[in-house]
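Residue-level structural notes
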Amino acid sequence: MSSNATVASRRDTTGAGIMMMMLAMALVPMIDVQAKHLVTGGIPAMQVIFLRMVCGTFLLLPVMLAGRREEIIPPDGRVNALLLGFFSIATGFCFFGALKYLSIADTVAISFVQPLFVTLLSRLFLKETVGPARWIALLVGFGATLVILRPSHGALEPGSLLALGSGAAMAGYVILVKKSTGGSRPLSPLTLTFQTHFMAVLVGAPLMALIWVGLRPEQWWMVLGMALFGLVGQYLIIKAYDCADASLVAPFAYLEIVTSTGASWLFFAQVPDQVTFIGVAILICSSAFIAWRR
């Protein structure tokens, strides 16, 4: 295939990648709502993310056995697969841990250092071209998250540090996903979704004997709901990065602030104020500008 045909093919799928990321951002806050109920109900954040990954693994295992048996254990790239699990469980642990201290909207806002890290790492490790206009739009979008957050607590506040750690770990996960869906032997989004869950279970299992807390029946239903929303959302995110450049798709994760603010309002009676809506409007404009500049 010629270079012109490759570029045309990438452009054809860019719109689909953006739409998949936007749909994923509409689903992700439903994970956060259930996780917040669990961690504020006394379940450790590590156990919450571990249970989500266990449920996701068992839900996907029949699909893998039916059509992708040889990819259950990756034939090559075992280190990458293990790192996928590590970054995934680190992202969930930090994010769910932050929910114990912060609202969903504030946690998401702080963790949105992720697109900035993704753009930087995509330039370093994926050799993607990032023009000045994208950098400016990214910085404007990150500034908008600070407008929404209006941080007034100290730099060592644990919720803020955990949320920042979540954004950094997610950026590492995104770069690994992008590397795994490219190259001479690309992995499918379904296989990557399974490997992420399966490897996260392997990473987190040794800690469970030390921190395990028994769940009530209604909490088990929350875990199942969290796993279902997580599977669909994670698949869409992986597929989005498969369809378009990481530096282009990543800023559309900013739309999660819109849906997470709505979830905070609907489920926890945390009503956004005018400044929050101004910040959200800036985020939307920033993402739309990046798409236009592609």
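This text gives an overview of the structure that appears in the document. (Residues numbered from 1 in each chain as written. Predicted model: local features only at pLDDT ≥ 70, side-chain atom pairs only at ≥ 80, totals over all residues. Heavy atoms only, no water.)

Along the chain, the position of Gln219 falls in helix H9 (residues 217-243). By relative accessible area, which is 2% here, Gln219 ends up buried. Setting aside residues no more than four positions away along its own chain, Gln219 makes contact with Leu38, Gly41, Ile43 and Gly214. (Helix = DSSP H or I, 4+ residues; strand = E, 2+ residues; numbered from the N terminus. Buried < 20%, exposed > 50% of the residue type's maximum accessible area, 1.4 Å probe, protein only. Contact = heavy atoms within 4.5 Å.)

Now for the pattern of salt bridges. If you walk through the whole model with that rule in mind, you get one salt bridge. A salt bridge links Arg216 to Glu218; the shortest N-O distance between them is 2.7 Å. For Arg216, a relative accessible area of 44% gives the class partly exposed. (Salt bridge = Lys/Arg side-chain N within 4 Å of Asp/Glu carboxyl O.)

What follows is about the environment of Ala133. Relative to the assigned elements, Ala133 resides in helix H6 (residues 132-149). Along the backbone, Ala133 and Phe289 are 156 residues apart, and their C-alpha atoms lie at a distance of 8.7 Å.

The next point concerns the packing of helix H3 (residues 78-99) against helix H4 (residues 104-111). Taken N-terminus to C-terminus, the directions of H3 and H4 make an angle of 140°; their axes are 9 Å apart at the nearest point. Relative to H4, the element H3 is oriented oblique. You can see that H3 and H4 cross each other, and the crossing is right-handed. Of H4, the residues touching H3 (which contributes Phe95, Ala98 and Leu99) are Ile104, Thr107, Val108 and Ser111. (Axes fitted to C-alpha atoms, helices over the stretch in contact; angles between N-to-C directions. Parallel < 35°, antiparallel > 145°, perpendicular 65-115°, else oblique. Left-handed = near helix turned anticlockwise from the far one by under 90°.)

Turning our attention to the packing of aromatic side chains. Going through the model one piece at a time under the given rule, you end up with three aromatic pairs. Ring geometry for Phe86 and Phe87: centres 5.5 Å apart, planes at 65°, overall edge-to-face. The class of Phe87 is partly exposed, set by a relative accessible area of 22%. Taking the ring centre of Phe268 as reference, the NZ or CZ of Lys36 above it sits at 5.7 Å. (Phe/Tyr/Trp six-rings, centres within 6.5 Å; stacked < 30°, edge-to-face > 60°. Lys NZ or Arg CZ within 6 Å of the ring centre and 35° of its normal.)

Next up on the list: the nonpolar core. Judged by nonpolar contacts, the single largest core of 65 residues is most densely connected at Met21, Met25, Val48, Phe96, Tyr241 and Ile257. In terms of residue count, the dominant contributor to this core is helix H1 (residues 3-40) (11 residues). Listed in part, the five residues of the second largest apolar core include Leu60, Ile72, Phe194 and Leu231. (Core = buried A, V, L, I, M, F, W, Y, C linked by side-chain atoms within 4.5 Å.)

Function-wise, these values are silent; they only describe arrangement.
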